[in-house]
Structures are given as C-alpha cells and as structure tokens.
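Chain and residue survey
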Amino acid sequence: MTAYHLLQQKEKAFAITLVEPKTEIALGLAYSTTCDEHLLNVSAAGMSALADEPEHFLNYARSKDASVLAEDFLPRKFFGQYVQELVHGAIAKIDHFHSFTAIHESAIDIAALDSNLVAETRYAVTLSNGAVLPADIVVLALGNLAGKRPAWLCDLSMESEHYLHDPWNTKAVSSIASTDSVLIVGTGLTAVDKIIELTSKGHSGKLYAVSRHGLLPRPHLDKPNLHPTQTHLNEVTESTLATFKLLRHKSKEMGWRNAVDSFRAITQTWWLGLELVEKRHFMRHLQTYWDVHRHRMAPTISQRIEAFRASDQLRVLSGGIKEMREEKSDGKSFVRAVLRQHHGEQESITINKVINCIGPQSKLSAIDSPLMANLHKSKMVLADQTGAGISCEPSGLVKNGNNQPSKIFAIGPMLKAVLLESVAVPELKVQSKNLAQLICSISSN
C-alpha cells in the first residue's frame, strides 16, 4: 500500500522496487489463505484500505455482491483480491512517470554508503541470490515475522515429522490426517485459524490448544457498533493500570466492546505519552488481556469454536509445556507432551502433530530473519527499550546506532514498541498514506 500511494502521486517520479519472495504481491500471510472459512476479524465497513475513502472496500464488495452488508465479516482471501486489484491497477496506470519492479527474492542485508548528509545517503540492499540493489530510500514493510526454535519444544526436533513450525504452510497443514490428535501451541487468532482450517476439511481427531493464560480472542457482536463513541485523551492517565480501570468502568456503562473500541482512536497517542516503565508493565502484565478484547473473532467463527469445545473435540488449556518428546509404540511414533497447569497439576497427552501458533515475534533476539539479524549486528537497527520491535520515530523513521542520518523506514508490526497498535488495517491504511507523503517530502528526485 505504501507503493500504491507513491504511484498515485504526480509531484515526484519514483523508481520503486518491491522485494518479495512470493510469486504474488499484495497478499502477505493473512490474505494469502486459500481457506474460504478464514474470515476477516473486522466487519466490511471497517476494512477500507484507503484512509480518505472509508467505504471503499464496502463499495468494492457490493460491486461483486449487492447483498453485502456493512456488518458482514467477509472471507480474508476476498480482501486479498481487493488489495491486489488496487495495487495492480495502480501499476497498470504507470505512464512513464514512475517505474515499478517486483523482484521475487528475499533481502538479507542493507548497508549504508558513506555520507554525512541525509539527502546524499544511499543504501546497498543485498538479496538472497547475491544481487545488490541501490536505493535512496528503504521501507521495511516486513509484516509479521516468525520466531526461532521455541524453548517449549524441549526434546522434540524442529525437523520432526510431527512438528509444524510454520502454521501458514498450507501443504503441511493439509497433510494432517483427519483422525490425528493435534496440539496447537497458542490460543490467539492464528490458533483459531488452524482450528477452523482443520475442521473445515472434516478433521475429527482431538484438538488441544494451550497457552500461558488459555484465553481465546473474544467475539464481535453479530451486529457490531460501526460508529463507537470516542474516549477523550484527557480522560486517561499516564498509568496503564489506572487506564484499564477506566476502561472497566466504561465497560459497565456501554459494554466492553464499545469501551475498547472507544479507546482505539487515541491508543497510539496515549501510548506515546507513557513512560518506559509503564510500557514495560503493560507488555508484561496487561498485553494479553488487551489483545483478546481488542483483536476479536467474527461471530460465526466464535460460535464454531464454542461448539467444538462443547463437544469436547477441542480442549483449551492454560499453563506451560514441561516436557515434549517423540516416542514409539507398536512401530508407530507419536509425541508425548507434559503440560503444567497453573494450579500445579500436570497432564500428559499423546498427539500426532504439534503446530506452532504462538504468533508473530517482535523481539529482535527471537525473530528468525537473516535481514533483521544482520541489521541488528551492524547497528543499522536498534532493539527498542521495551523489548518489542525496533527503535523508531512515530513516523516510522528507523534509528540506528551508527550516528548516521537515516532514510530507512519501518511500517507495521515493527512499530509496535512506539505505537502499540500497528498491525490492523485501520492503522496500516493511515501509516502507508502518511509514509508515502513523508517519502515525497524528503526525496531529492
């Protein structure tokens, strides 16, 4: 979307290179799903990709199906089609003013070429095939990043046939037998996606989902409030705990969904005003509770999850994994996991598959990314003091440890430390537009 906005403007000409290892652009992880039953977590009215046209997606959906309602939760792959049409439409209209090239490789390093002036700073971007691209400006639009080998695997090998490290490996998920018992580690939206994906294909085996708190995302209302009242900044405090108490009070007045949604418009401003100690307190003690109320399930998805729990096909557990190892019996191998629950009891379960659904990682030391590892090693990026994401300005301008001027920008999840809310379409559509405008203002071409 940043590229889209750059292609739309006519003030300065840009030669845009999009480095993307996938053969298709504009989908990312969430919208590249092939499962019809993976639904958006926001109703159609709130999913416009264009900040200045709030009904753009809704109108697009109605152009395909006139019966679509503002409160409908539509398939995610349909939204992917929408974004692709936007981007490819902008590319098709290039009239020799801009240029656009997509390179299907991965970037593994970025080096700054010597300069003491911001306007003269240039970069060399190294790709996985050894090629080096020159760039005046770099945007790190990396999306959600996967993690390294998790400690909870214990004695189970990363290469075990029973373990799926990447939950978005569609082929691997499809290979799970319908009668297999499956342990899903994590109980967030990724875990919900895998439960829906498996059961949509007739999975009948036992499903376990475990996380520290054992909390599933809360559901939206069947008819969500499309125009929530907004909390005013002067109502909140510089204490995360006191602010949460305010939200609990508002929840009694207007319902918890409206209370949380009322806070959304000021979340980033509130976060920017917090002291570091308060941010760390929030991430350590309150983040999970905020996330399950803020990032919700579509109502129909929630109903299906609850039906699986009621039938005992799905068990949601809270606690940690004490042991995990591969065993054999009667010539067949399986995984034995020992779960340690909060009340002290332990439970041993045997499963055929383990799926890592702990979600994206933001801590630099936990991210499995050669690019971010190399940038961190060369001090081209710095870990944020909160421990999440990288050190950036609210605009996305990346801070480095080399005392050099920077024309590297981040957008999306890498800005979690500075903005807190930086992963959903309502925030990203504003970020991409603003970033494109900022790039235009600093560009010398």
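As a starting point, this report considers the structure included with it.

Procedures and definitions
Residue positions within a chain follow its written sequence, with the count starting from 1. pLDDT decides what is reported in this predicted model: residues at 70 or higher carry local features, side-chain atom pairs at 80 or more are listed and counted, and totals for whole chains, interfaces and linings draw on all residues regardless. The side-chain numbers reported here are obtained from all heavy atoms of the structure, hydrogens and water having been left aside. Strands here are runs of E lasting at least two residues and helices are runs of H or I lasting at least four, both read from the DSSP assignment and numbered beginning at the N terminus. Radius of gyration here is computed from C-alpha atoms only, and the compact-globule reference equals 2.2 Å multiplied by the residue count raised to the power 0.38. Any residue under 20% of the maximum accessible area for its type is buried, any over 50% is exposed, and the rest in between are partly exposed; the area is computed with a 1.4 Å probe on protein chains only. Residue contacts follow a heavy-atom distance rule, with two residues in contact if any of their heavy atoms lie within 4.5 Å. The Shrake-Rupley method, run with a 1.4 Å probe, gives the accessible areas here. Residue values count only the displayed protein chains as cover. The pairing criterion for strands is at least two bridges between them, as found by DSSP. For helices, the axis comes from a line fit to the C-alpha atoms of the stretch in contact; other axes are also lines fit to C-alpha atoms, and the angle between any two N-to-C directions lies between 0 and 180 degrees. Residues belong to one nonpolar core when they are buried, are Ala, Val, Leu, Ile, Met, Phe, Trp, Tyr or Cys, and are joined through side-chain atoms within 4.5 Å. Here, a salt bridge means any side-chain nitrogen of Lys or Arg that lies within 4 Å of a carboxyl oxygen of Asp or Glu. Angle categories are assigned with fixed cut-offs, so that under 35 degrees is roughly parallel, over 145 is roughly antiparallel, 65 to 115 is roughly perpendicular, and the rest are oblique. Left-handed describes a crossing whose near helix is turned anticlockwise from the far helix through less than a right angle; right-handed describes the clockwise counterpart. Side-chain classes follow a simple rule in which Ala, Val, Leu, Ile, Met, Phe, Trp, Tyr, Cys and Pro form the nonpolar group, Asp, Glu, Lys and Arg form the charged group, and the remainder, Gly included, forms the polar group. Working definition: rings of Phe, Tyr and Trp (its six-membered ring) pair if their centres are within 6.5 Å, and the pair is stacked with planes under 30 degrees apart, edge-to-face with planes over 60 apart, and tilted otherwise. Given a helix with a known number of residues, its expected span is that number minus one, times 1.5 Å. Whenever a nitrogen or oxygen atom comes within 3.5 Å of another N or O atom, the pair is scored as a polar contact, on the condition that within protein one atom can donate a hydrogen and the other can accept it, and that pairs from neighbouring residues in sequence are kept only if both atoms are in side chains.

Right, let's get into the overall build of the protein chain. Scanning the protein chain for helices and strands turns up 13 helices and 14 strands. A globule of 445 residues ought to have a C-alpha radius of gyration of about 22 Å, and the protein chain, at 23 Å, matches this closely. Looking at the protein chain as a whole, 46% of its 445 residues qualify as buried. Across the protein chain, every contact between residues at least 6 apart in sequence was considered, and the portion connecting residues at least 24 apart equals 69%. Accessible area of the protein chain: about 21,600 Å², with a carbon and sulfur share of 50%.

Looking now at the sheet that holds strand E4 (residues 122-127). Judged by pairing direction, the sheet is antiparallel, and its three strands sit side by side in the order E3-E4-E5 without closing on themselves. The open sheet terminates on both sides in strands that have one partner only, identified here as strand E3 (107-113) and strand E5 (132-135). Neighbour to neighbour, the strand axes of the sheet diverge by 25° on average, direction disregarded. The pairing of E4 with E5 spans four bridges and is classified as antiparallel. Pairing of Tyr123 across the sheet is with Ala135, part of E5.

Right, let's get into the nonpolar core. Formed by 34 residues in total, the largest nonpolar core has its most connected members in Leu6, Ile16, Phe57, Leu74, Phe79 and Tyr82. Aside from chain neighbours lying at most four places away, what touches Phe79 is Tyr31, Leu40, Met47, Phe57 and Val425.

When the charged atoms of two side chains with opposite charge come close together, those side chains can pair. In total, this model carries 19 salt bridges according to the counting rule given. For the salt bridge of Asp312 with Lys206, the shortest nitrogen-to-oxygen distance reads 3.2 Å. You can see Asp312 sitting in the loop between helix H10 (299-310) and strand E10 (314-329) and its partner Lys206 sitting in the loop between helix H5 (189-200) and strand E9 (207-211), a full 106 residues away along the chain. Taken together, the shared-partner salt bridges in this structure form one network comprising Arg264, Arg294, Glu421 and Glu427.

Moving on, we come to the packing of helix H6 (residues 240-254) against helix H7 (residues 256-264). Close contact between H6 and H7 brings their axes to 7 Å; oriented N to C, the two are set at 130°. Looking at the two axes, H6 sits oblique to H7. Relative to H7, H6 is oriented so that their crossing is right-handed. In this structure, H6 uses Thr243, Leu247, Lys250, Ser251 and Met254 to contact H7, whose residues at the interface are Trp256, Asn258, Ala259, Ser262 and Phe263. Its residues assigned to classes, the contact of H6 with H7 shows five nonpolar, four polar and one charged.

Turning our eyes to something else, we now look at the packing of aromatic side chains. Remark: the centre distance and the inter-plane angle together describe each pair of aromatic rings, the angle taken between the planes. All chains considered together, the criterion is met by 15 aromatic pairs. With 5.2 Å between their ring centres and 70° between their planes, Phe57 and Phe79 make a pair best called edge-to-face. With a gap of 22 residues between them, Phe57 in helix H2 (residues 56-64) and Phe79 in helix H3 (residues 76-92) connect regions that are remote in the sequence. Taken as a pair, Phe57 and Phe79 share a single burial class, namely buried.

One open sheet holds the seven strands; their spatial order is E7-E13-E8-E9-E10-E11-E12, and the pairing between them is mixed. Strands with a single pairing partner mark the edges of an open sheet, and in this sheet they are strand E7 (163-164) and strand E12 (346-351). Pairing of E10 with strand E11 (residues 332-341), which is carried by ten bridges, proceeds in the antiparallel orientation. Bridge assignment links Met324 to a residue of E11, and that residue is Ala337.

Here the focus is H3. For H3, which comprises 17 residues, the first-to-last C-alpha distance of 24 Å matches the rise-based estimate of 24 Å (1.5 Å per residue) to within 8%. Looking only at H3, the buried set comprises Arg76, Phe78, Phe79, Gly80, Tyr82, Val83, Gln84, Leu86, Val87 and Ala90.

Structurally, the position occupied by His56 is in helix H2. Residue His56 is classed as partly exposed on the basis of its relative accessible area of 22%. Distance in space between the C-alpha atoms of His56 and Ala44 is 9.7 Å, their sequence separation being twelve residues. In contact with His56, other than residues within four places in its own chain, are Ser48, Leu50, Tyr82 and Leu86. A polar side-chain atom of His56 sits 2.8 Å from a polar atom in the side chain of Tyr82.

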